[in-house]
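Observations on chain architecture
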Amino acid sequence: MKKQTQDPFAEREAAKYENPIPSREFILELLERHERPMTREDILAELQLSNEESVEALRRRLRAMERDGQLLFTRNGYGLPNKMDLIHGRVIGHPEGFGFLVPDEGGDDLFLSSREMQLVLHGDRALAHVRGIDRRGRREGAIVEVLERRSQEITGRFFIEGGVAFVVPDNKRITLDILIPPDQQNGAQPGQIVVAQIIEPPTRKRQPIGRILEVLGEHMAPGMEIDIAIRSYGLPNEWPTAVDEEAKQFTEQVPEEAKQGREDIRHLPLVTIDGEDARDFDDAVYCEPQGKGWRLLVAIADVSAYVKPDSALDAEARERGNSVYFPERVIPMLPEVLSNGLCSINPEIDRLCMVCEMDIAPSGNMKKYRFFEGVMRSHARLTYTKVAAMLVDGDAALRQQYTALMPHLENLHALYKSLHASRVQRGAIDFDTTETRIVFGVDRKIERIIPVVRNDAHRLIEECMLMANVASADYLLSNKIPALYRVHEGPTAEKLEDLKQFLGELGLSLGGGDSPTPKHYAKLLDSIAERHDKHLIQTVLLRSLKQAVYTPHNLGHFGLAFDAYAHFTSPIRRYPDLLVHRAIKHLIHGLKVEKFRYGMQDMEALGDQCSMTERRADEATRDAVDWLKCEHMLDKVGQEFDGVIASVTSFGLFVELNDIYVEGLVHITALDSDYYHYDPASHRLIGERTRRMYRLGDPIRVLVTRVDLDDRKIDFNLASNQPDGSTVVTASEEKAAKGKRKRSRGKAKSAPKAETGKSETTKPAGKKKSRRGRR
């Protein structure tokens with residue numbers, strides 16, 4: 001390899017640090033050139049670093065690179081994991097006890113057996129080597145070293161059994177109980193919800209040992225579900241002192257000096273359109289006719305004007321990754337002085353903003369765009385309900401109330417129609433999914449769960465945001481600046497094969513051969529719109545696609561049918577959007593790409609972090625909602641409900657109840673008396689003898705038999721009368737019937753002979769019935 005004497009990222013390092021040293025990339029390139037590991041002294045000599053500050057800075061950098069899995073420290077010095085055939089990544093636990101190592105550099109996950117999972121906990125970062133291929137064809141890994149212990153505080157229930165105290169983690173991905181010595185119990189009582197700190201990590205010979213840090217309270221206290229979720233999933237929810245200190249510098253109003261040098265658009269009637277219960281307002285829109293098309297402005301609160309790189313605010317926002325929205329409670333990414341103050345676009349108040357101005361053709365296609373820093377003033381805080389009432393229903397009273405804004409709202413509606421037509425033309429996939437909202441009664445108990453109905457106002461704002469996000473991605477891509485893209489890949493070959501097999505059995509087909517496009521998905525969805533089983537087909541189509549992630553490598557967005565897509569519109573609640581704003585600002589200020597403070601490796605790490613925090617937030621909110629739904633169902637044990645089969649597995653059917661939107665399991669052992677075989681490609685269970693089928697999307701009637709708050713599980717049995725008119729003999733009924741027949745046979749054998757005058761050789765009626773029953 002050719003020796004590189006100059007660090008290509010020297011300018012970036014100089015901009016970031018007062019005492020810069022060679023970049024991570026340059027250190028990795030140095031180690032790549034050598035055929036053996038290098039000691040710290042070797043690296044210091046090679047980089048010609050000698051003063052005390054530089055030596056200490058290098059020590060910290062090497063340690064950070066080791067923690068991130070870029071380097072491995074051995075007895076011979078620092079080496080590259082890839083040269084040692086080692087893989088570094090994040091551990092994902094499974095409730096069944098095994099787990100996976102998700103490589104930081106992408107590629108297939110490593111399967112970790114339950115034995116290997118004895119050394120780590122869910123969320124830890126580790127180095128592993130491939131020990132072979134398991135019987136299912138997966139690469140199997142063995143833990144070499146734990147790089148970082150992420151699960152240091154565990155929330156769960158405290159128990160004492162046989163004189164041994166332990167905490168059962170609430171997060172089911174952590175399957176090891178935490179042992180608590182007698183002097184570390186901190187007054188906790190059995191059954192209480194506690195937070196335990198791990199003081200000794202697990203080994204192959206014993207479970208982790210911990211101490212009780214905090215007693216949260218009793219099991220079913222109001223609001224406990226959110227406190228548990230916050231701690232179980234490690235959501236940062238307290239502001240460090242340094243963040244509080246930085247937040248104190250901000251005032252309620254934008255200082256006049258901060259408005260200088262910005263484009264003044266306060267005269268334009270920009271408006272915010274959000275839900276009635278919205279908690280932050282970070283986007284505003286304005287539209288006017290331009291030629292045969294439109295001029296669209298999307299103004300976003302300029303968070304980057306307040307949250308500077310390397311500040312305590314920035315570090316905390318990066319750690320949180322995003323705001324987390326629980327029912328009636330939010331864990332914000334930024335302190336309230338910003339999220340509800342300076343960065344919230346409230347009406348009739350000056351706000352700093354980043355603006356994407358776009359020219360849209362009559363066809364709905366974007367002709368050109370530009371970005372600029374502005375100062376704006378929202379002219380109204382509107383809701384989706386009000387805007388739909390004015391534009392779609394023609395509500396005269398509301399139209400009169402907002403007379404001055406009606407022409408601009410009409411322009412937005414006309415633009416929406418063109419943007420929607422363009423969406424259909426390019427083949428974006430529209431899945432008809434149902435979002436729900438929980439309505440609470442007294443003591444924070446669920447009163448009802450209602451569906452959220454989308455209208456034209458929702459879709460109008462969505463299309464405007466999509467345009468701004470597409471413009472952002474195009475701007476970043478064309479300038480070749482390191483940035484995060486929102487990537488959504490299409491189906492894998494294996495998923496595609498299963499999907500085609502499933503569709504074939506229904507007489508359907510997906511176009512595109514081995515490389516279907518979003519248009520092919522959209523065309524199929526249109527063709528099934530009137531079918532009774534469209535919900536089933538749509539669910540299978542959705543599950544064939546990958547999960548969207550953040551990455552600096554643009555691979556397009558399959559679901560939206562965009563070649564490039566980034567998140568620009570919500571920096572108040574998503575860290576990737578803040579990074580996109582910083583990159584755009586760097587470019588509009590005319591600075592060189594090489595001087596941008598983030599490199600590709602930085603973006604790789606930030607993409608992984610933001611993807612992880614997004615999944616973490618989804619899991620935490622889902623966990624809290626599941627707890628609330630289980631609590632809601634506690635007094636409904638023994639009642640029957642109609643539902644639909646939402647998922648089919650080898651161990652049973654998950655059923656979602658109609659109008660309640662609560663999901664539970666009909667275990668395979670609770671199905672009518674037969675052996676059932678799982679057909680994964682067709683998403684169904686088939687009875688061996690009866691040939692009875694239970695398919696994804698089928699209507700079904702169930703009986704609530706058990707609710708388990710600890711495990712967030714609801715168990716169902718099949719109700720006797722089904723929606724199709726059939727009568728089901730459930731497993732429990734069959735068992736009861738067998739017991740009854742056995743008792744009948746016993747009575748027949750012991751009863752005295754009846755004086756009927758018949759021959760003694762006549763077979764008793766009871767015995768004949770018994771044989772018929774056995775048949």
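Residues numbered from 1 in each chain as written. Predicted model: local features only at pLDDT ≥ 70, side-chain atom pairs only at ≥ 80, totals over all residues. Heavy atoms only, no water.

Points about the side chain of Thr-649
We apply this condition: Each helix is a run of DSSP H or I of at least 4 residues and each strand a run of E of at least 2, with the numbering of both proceeding from the N terminus. Residues count as neighbours in contact if any of their non-hydrogen atoms are within 4.5 Å of one another.
When you line up the elements, Thr-649 lands in strand β26 (residues 640-649). If near-sequence neighbours (up to four positions away) are discounted, Thr-649 is found in contact with Phe-654, Tyr-678 and Leu-685.

Brief notes about the sheet that holds strand β31 (residues 693-695)
Rule in force here: Any two strands between which DSSP finds at least two bridges are classified as paired. To get an axis, fit a line to the C-alpha atoms, keeping to the stretch in contact for a helix; angles then go from 0 to 180 degrees between the N-to-C directions.
Taken in spatial order, the three strands make up an open sheet running β29-β30-β31, and their pairing is antiparallel. The sheet is open, and its two borders are formed by β29 (676-679) and β31, each paired with just one other strand. Each strand axis lies, on average, 20° off the axis of its neighbour in the sheet, ignoring direction. Note that β29 and strand β30 (residues 684-687) share four bridges and pair antiparallel. If you follow Tyr-678 over to β30, its bridge partner there is Leu-685.

Some points on the nonpolar core
Most often, soluble globular proteins have nonpolar side chains that are buried together. Let me state the cut-off plainly: Each nonpolar core is a collection of buried residues, namely Ala, Val, Leu, Ile, Met, Phe, Trp, Tyr and Cys, held together in the definition by side-chain atoms within 4.5 Å. Only protein chains enter the accessibility calculation, which uses a 1.4 Å probe; a residue is then buried when its area is under 20% of its type maximum, exposed when over 50%, and partly exposed in between.
Core analysis: the biggest nonpolar cluster contains 97 residues, and Ile-265, Leu-296, Val-298, Tyr-306, Leu-338, Phe-568 and Tyr-575 have the highest contact counts within it. Of the residues forming this core, the biggest block, 13 residues, is contributed by helix α13 (residues 456-478). Beyond its immediate chain neighbours, meaning those up to four positions away, Phe-568 contacts Ile-300, Met-354, Cys-356, Phe-371, Ala-468, Asn-469, Ser-472, Asp-577, Val-580, His-581 and Ile-584. Listed in part, the 51 residues of the second largest apolar core include Leu-506, Leu-510, Val-540 and Ala-670.

Concerning helix α15 (residues 518-527)
The condition is simple: In this description, one arc is meant: the one made by directions from the helix axis to the C-beta atoms.
All buried positions along α15 are accounted for by Pro-518, Tyr-521, Ala-522, Leu-524 and Leu-525. Around the axis of α15, the buried residues are gathered within 160° of arc, so they sit on the same side. Summarising the geometry of α15, the exposed residues directed more than 90 degrees from the buried face are Lys-523 and Asp-526.

Some details on the pattern of salt bridges
When their charged atoms lie close together, side chains carrying opposite charge are able to pair. What counts here: A pairing counts as a salt bridge when a side-chain nitrogen of Lys or Arg comes within 4 Å of a carboxyl oxygen of Asp or Glu.
Counted according to the given criterion, the structure contains 59 salt bridges. We note a salt bridge from Arg-61 to Glu-13, for which the minimum N-O separation is 3.1 Å. Remark: Glu-13 occurs in helix α1 (residues 10-16) and Arg-61 occurs in helix α4 (residues 52-67); sequence separation between them is 48 residues. Close ionic contact of Arg-266 with Asp-350 constitutes a salt bridge, the shortest N to O distance being 2.8 Å. You can see Arg-266 sitting in the loop between β13 (263-264) and β14 (271-274) and its partner Asp-350 sitting in strand β19 (residues 350-360), a full 84 residues away along the chain.

Quick notes on the packing of helix α2 (residues 24-33) against helix α3 (residues 40-47)
For the record, the criterion: An angle below 35 degrees is treated as roughly parallel, one above 145 as roughly antiparallel, one from 65 to 115 as roughly perpendicular, and anything else as oblique. Three categories are distinguished: nonpolar for Ala, Val, Leu, Ile, Met, Phe, Trp, Tyr, Cys and Pro, charged for Asp, Glu, Lys and Arg, and polar for the others, with Gly belonging to the last.
For the pair α2 and α3, the least separation of the axes is 12 Å and the interaxial angle reads 110°. Taken as axis vectors, α2 and α3 run roughly perpendicular relative to one another. Here Phe-26, Ile-27, Leu-30 and Arg-33 of α2 lie close against α3, whose contacting residues are Ile-43, Glu-46 and Leu-47. Tallied by class, the residues present in the contact of α2 with α3 amount to five nonpolar, no polar and two charged.

A closer look at the sheet that holds β26
Strands sit in the order β26-β27-β28-β33-β32 around a closed barrel of five strands; the barrel is mixed. On average, each strand axis in the sheet is inclined to that of its neighbour by 55°, with strand direction left out of account. Alignment of β26 against strand β32 (residues 699-708), held across five bridges, turns out to be antiparallel. From the neighbouring strand, Asp-642 faces β32, where its bridge partner is Arg-701.

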